[in-house]
Amino acid sequence: MESVELSLAGIPTMRLADALLERLHTEKLAPSLEYCTSVEKILMSAISVVRSSLNSFSAINRIPPEILALIFQSVPSSYGELPPPGVPTMWPRPSITSSSEALPLTLVCHHWCQVAITEPSLWSSIDTGHMPPMTRVKASALKVYSGGAPNKVLNAVTTSHGLQIAELHLLDVPERHSLHDHHCLRFPAPSLEYLTLSRTARCDRRTKDPSFLFQGNVPRLRVLVMQSISWLPRNRFNNLTHLCISDTSESGYTPPWNLPELLTFLSGCSKLQDLALSGLNSFVNDDETTAAITLQDLRRLSLRGLSDVTFAWILTHVLSHVPITMCLLELDFDDPQPALLSTLHRVGPTDGITGLTITMEDDCFTITASGTPCGIRIGLDIWSVDGPHWASTLRSIWSLDGVRELRIGRHALIELENPAMLLHLLPSLTTLVLSDCSEEDCGCSEHDRVIAWLSPMFNAFTCSVGDSFSPPCPRLSTLRIWLRTGVHAPESFRDLAATRARQEHPIEHLVVDCRADNLHHANFASWDVSRHVASFRCRLNEEPPLMELPGV
């Protein structure tokens with residue numbers, strides 16, 4: 001055999017291939033099936049080697065394996081169920097992905113298969129609906145998802161790889177399962193950073209005091225989401241930065257624990273930065289006195305769907321002396337009492353507010369204040385701000401004398417009924433932005449549609465205040481309007497500009513934005529607006545002005 005190999009060593013591969021092909025043509029193979037099969041396997045192996053060499057000339061296969069692995073990491077998508085409903089939109093998203101979506105990468109070619117299999121991050125997200133290939137995860141951090149009742153796969157993963165779990169998401173757990181006593185929350189978890197616990201139905205009965213989660217060994221936990229959970233952990237989470245406790249049912253949920261117990265739990269989360277409470281109507285005894293706590297690192301607070309008692313109690317006992325940067329509040333109870341609204345001053349300084357945004361969706365006003373170290377967004381049910389109450393509500397919450405910019409949506413403008421009440425609160429206003437972002441059909445012509453929502457505001461800007469001839473917002477200099485359907489009712493713009501000019505408080509800059517498909521129908525020369533303002537522009541703009549919470 002060695003002599004044969006030596007005799008072939010000097011022959012080029014091309015000549016060997018030609019010689020083999022010629023011999024196969026001139027000589028018949030032995031009739032033995034086993035012999036033919038063996039020859040075929042050898043030839044297929046040779047072809048595989050040749051094809052691997054050919055693939056090496058492809059541009060995609062010249063990418064270094066470590067770069068190709070990084071590209072592969074973008075293939076699996078994140079879980080759409082995470083984070084669960086009730087969590088604020090600015091909440092940190094879990095990094096868990098669908099590992100099954102990486103399987104097609106292993107079927108493209110041998111090179112891709114080797115790169116994909118040896119990249120642990122592609123297989124480190126585990127769905128306990130099926131047994132994962134644990135040999136591929138090696139020592140990488142694991143992200144575990146379990147939907148429904150905890151099963152054998154979850155128990156096996158937490159038992160054998162509990163020390164590697166960085167994220168654990170238990171969703172839709174049936175009520176009959178006692179989570180805090182289950183093995184899935186009783187293993188040591190020194191690497192755990194993100195924990196989601198969610199039940200299919202809330203439990204109104206009080207469970208026995210739960211033991212420490214993960215045997216008290218969970219030092220790195222940063223994010224905790226608890227949905228419809230009837231108990232509070234006994235742990236002190238010294239590194240917890242994000243906490244969300246919520247219930248997503250339509251009616252308010254009264255958990256078995258009370259507010260002082262919640263405060264005790266929060267006091268063990270000294271580094272908390274984001275706190276979100278939603279759908280809870282907890283209780284506190286009237287004769288019970290509880291000292292307030294100070295969370296020095298708290299920067300964002302979201303309170304939604306709380307009873308007025310719970311709402312006021314949280315602001316009184318949690319926000320003492322804390323300069324948070326953003327507060328998202330939803331007052332969905334009718335006719336807020338002045339005593340309740342006065343607690344809003346505890347969220348931070350409000351004397352420097354320079355911007356105000358008012359929008360409306362699903363029968364709820366969203367009022368955003370910005371410009372201070374504490375940005376605040378408050379949702380008010382329309383019945384809470386109906387008639388004269390909404391103006392006094394704003395005044396009781398904030399000092400508005402320094403507001404220079406107001407952004408208001410069409411729906412909110414219509415529901416306010418009397419915008420003059422708002423304008424009287426804004427003596428320093430210089431810029432007004434009106435936006436018609438609604439897509440609904442009001443059943444009238446576009447001309448009437450524009451008149452219906454702009455006229456009340458335009459009339460309010462030209463009416464005199466008291467016995468003087470001075471209109472509200474005497475410093476208003478810039479008016480920007482975004483029209484969804486196109487430019488209509490030019491007489492409204494002309495009359496507003498002319499009236500303000502006669503009152504010696506002219507609008508200097510008038511900007512009308514609209515969609516491109518309607519702009520060419522407008523005859524701007526006939527508007528007769530330019531002689532009443534310093535500058536007038538009508539421009540194409542497909543996107544409405546930003547009406548969301550400003551970055552703070």
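Please read these numbers as outputs of a predicted model, since none were measured by experiment.

## A closer look at the overall build of the protein
The helix and strand inventory of the protein stands at 15 helices and 17 strands. In the protein, which comprises 552 residues, the proportion classed as buried is 47%. By sequence separation, contacts in the protein at least 24 residues apart represent 72% of the contacts at least 6 residues apart. About 27200 Å² of surface is accessible on the protein, with carbon and sulfur atoms providing 54% of the total.

## Thoughts on helix H2 (residues 13-26)
End to end, H2 covers 20 Å across 14 residues, agreeing with the expected 20 Å (1.5 Å per residue, within 8%). Within H2, only zero of the 14 residues are buried, leaving the element largely exposed.

## Points about unusual backbone geometry
Positive phi outside glycine occurs at Asp172, with the angle close to 55 degrees. Of note, Asp172 is situated in strand S3 (residues 165-173). The class for Asp172 is partly exposed, based on a relative accessible area of 38%. Even without a glycine there, the phi angle at Cys473 is positive, about 55 degrees. Inspection of the secondary structure assignment puts Cys473 in the loop between helix H13 (446-462) and strand S15 (478-483).

## Here we look at the pattern of salt bridges
Counting across every chain of the model gives six salt bridges. In this structure, the salt-bridge partner of Arg222 is Glu193, at a minimum N-O distance of 3.5 Å. Note that Arg222 is positioned in the loop between strand S4 (194-199) and strand S5 (223-227) and Glu193 in the loop between S3 and S4, a separation of 29 residues in sequence. Given the relative accessible area of 35%, Arg222 is considered partly exposed.

## A few points about the nonpolar core
Counting residues in each nonpolar core, the largest one holds 64 residues, and the members touching the most others are Leu168, Leu185, Leu195 and Phe214. Listed in part, the 48 residues of the second largest apolar core include Ala412, Phe458, Phe461 and Cys538.

## Observations regarding a nonpolar patch on the surface
Judged by side-chain polarity, Ile67, Leu70 and Ile71 come together as a nonpolar surface patch covering roughly 270 Å² of accessible area. With respect to the secondary-structure elements, Ile71 resides in helix H4 (residues 65-72). Overall, the relative accessible area of 40% leaves Ile71 in the partly exposed class.

## A few points about the side chain of Lys143
Position of Lys143 among the secondary structure elements: in strand S2 (residues 142-147). Lacking a salt bridge, the buried Lys143 has Glu167 as its closest oppositely charged neighbour, with an N-O distance of 6.3 Å. The contact partners of Lys143, leaving out residues within four places of it in the chain, are Ser95, Ile96, Ser124, Ser125, Ile126 and Glu167.

## Some words on the packing of H4 against helix H5 (residues 110-117)
One can describe the packing of H4 onto H5 by two numbers: an axis separation of 9 Å at closest approach and a directional angle of 75 degrees. If you check the angle between H4 and H5, you find them roughly perpendicular. Facing Pro65, Leu68, Ala69 and Phe72 of H4, the residues of H5 in contact are His111, Trp112, Val115 and Ala116. Broken down by class, the residue content of the contact of H4 with H5 amounts to seven nonpolar, one polar and no charged.

## Some remarks on the confidence of the model for the protein
Low pLDDT means the predicted atomic positions in that stretch should not be read closely. Taken over all residues, the pLDDT of the protein has a mean of 76, while the share at 70 or more is 72%. Across the protein, the secondary-structure element scoring lowest on mean pLDDT is helix H1 (residues 2-9), at 53, and the one scoring highest is S5, at 92.

## Notes on the pairing of strand S10 (residues 355-361)
Across the seven residues that make up S10, a large majority, six, are buried. The pairing of S10 with strand S11 (residues 364-370) spans seven bridges and is classified as antiparallel. Bridging from a neighbouring strand, Glu361 pairs with Cys364 of S11. Direction of pairing for S10 relative to strand S13 (residues 405-409): parallel, over a ladder of four bridges. By the bridge assignment for S13, Leu356 is matched with Leu406.

## Focus: the state of the cysteines
In protein structure, a disulfide is the covalent linkage between the sulfur atoms of two cysteines. Applying the stated criterion across every chain yields a total of zero disulfides. Looking at Cys113, it has no disulfide partner, and the nearest cysteine sulfur is the one in Cys109, 8.5 Å off.

## Brief notes about the packing of aromatic side chains
Per the stated rule, a full pass over the model turns up three aromatic pairs. When the ring of Phe187 is compared with that of Phe214, the centres are 5.3 Å apart and the planes differ by 80 degrees; the resulting orientation is edge-to-face. You can see Phe187 sitting in the loop between S3 and S4 and its partner Phe214 sitting in the loop between S4 and S5, a full 27 residues away along the chain. Judged by relative accessible area, Phe214 falls into the buried class, the value being 1%. Above the face of the Phe212 ring, Arg234 is positioned so that its terminal group lies 4.8 Å from the ring centre.

## Some remarks on the environment of Arg537
Following the sequence through the fold, Arg537 ends up in strand S17 (residues 535-540). Look at Arg537 and you get partly exposed, because its relative accessible area is 47%. Along the backbone, Arg537 and Arg480 are 57 residues apart, and their C-alpha atoms lie at a distance of 9.5 Å.

## Regarding the side chain of Glu167
Structurally, Glu167 can be placed in strand S3. In terms of polar contacts, Glu167 uses its side chain to reach the side chain of Ser95, at 2.6 Å. Ignoring any residue separated from it by four or fewer positions in sequence, one finds Glu167 in contact with Pro94, Ser95, Ile96, Leu142, Lys143, Val144, Leu192 and Tyr194.

## What about the pairing of S5?
Burial analysis of S5 places five of its five residues in the buried class, which makes it a mostly covered element. Burial along S5 is two-sided: Val223, Val225 and Gln227 and Leu224 and Met226, pointing in opposite directions, are all buried. Direction of pairing for S5 relative to strand S6 (residues 242-246): parallel, over a ladder of five bridges. The partner of Gln227 across the bridge, within S6, is Ser246.

## Quick notes on the packing of helix H7 (residues 259-267) against helix H8 (residues 308-318)
Running from amino to carboxyl end, H7 crosses H8 at an angle of 35 degrees, the nearest separation of the two axes being 11 Å. H8 is crossed by H7, and the crossing has right-handed handedness. Contacts from Leu259, Pro260, Leu262, Leu263 and Leu266 of H7 reach H8 at Thr310, Trp313, Ile314, His317 and Val318. When grouped by side-chain class, the residues that make up the contact of H7 with H8 number eight nonpolar, two polar and no charged.

What counts as what
Residues numbered from 1 in each chain as written. Predicted model: local features only at pLDDT ≥ 70, side-chain atom pairs only at ≥ 80, totals over all residues. Heavy atoms only, no water. Helix = DSSP H or I, 4+ residues; strand = E, 2+ residues; numbered from the N terminus. Buried < 20%, exposed > 50% of the residue type's maximum accessible area, 1.4 Å probe, protein only. Contact = heavy atoms within 4.5 Å. Areas by Shrake-Rupley, 256 points an atom, 1.4 Å probe, with all protein chains shown as cover. Expected span 1.5 Å × (residues − 1). Salt bridge = Lys/Arg side-chain N within 4 Å of Asp/Glu carboxyl O. Core = buried A, V, L, I, M, F, W, Y, C linked by side-chain atoms within 4.5 Å. Patch = residues over 30% accessible without salt bridge, like charges linked within 9 Å, V, L, I, M, F, W, Y side chains within 5 Å. Lys, Arg positive; Asp, Glu negative; His and termini not counted. Axes fitted to C-alpha atoms, helices over the stretch in contact; angles between N-to-C directions. Parallel < 35°, antiparallel > 145°, perpendicular 65-115°, else oblique. Nonpolar A, V, L, I, M, F, W, Y, C, P; charged D, E, K, R; others polar. pLDDT = per-residue confidence, 0-100. Pairing = 2+ DSSP bridges. Disulfide = S-S within 2.5 Å. Phe/Tyr/Trp six-rings, centres within 6.5 Å; stacked < 30°, edge-to-face > 60°. Lys NZ or Arg CZ within 6 Å of the ring centre and 35° of its normal. Polar contact = N/O pair within 3.5 Å; in protein donor to acceptor, adjacent residues only side chain to side chain. Left-handed = near helix turned anticlockwise from the far one by under 90°.

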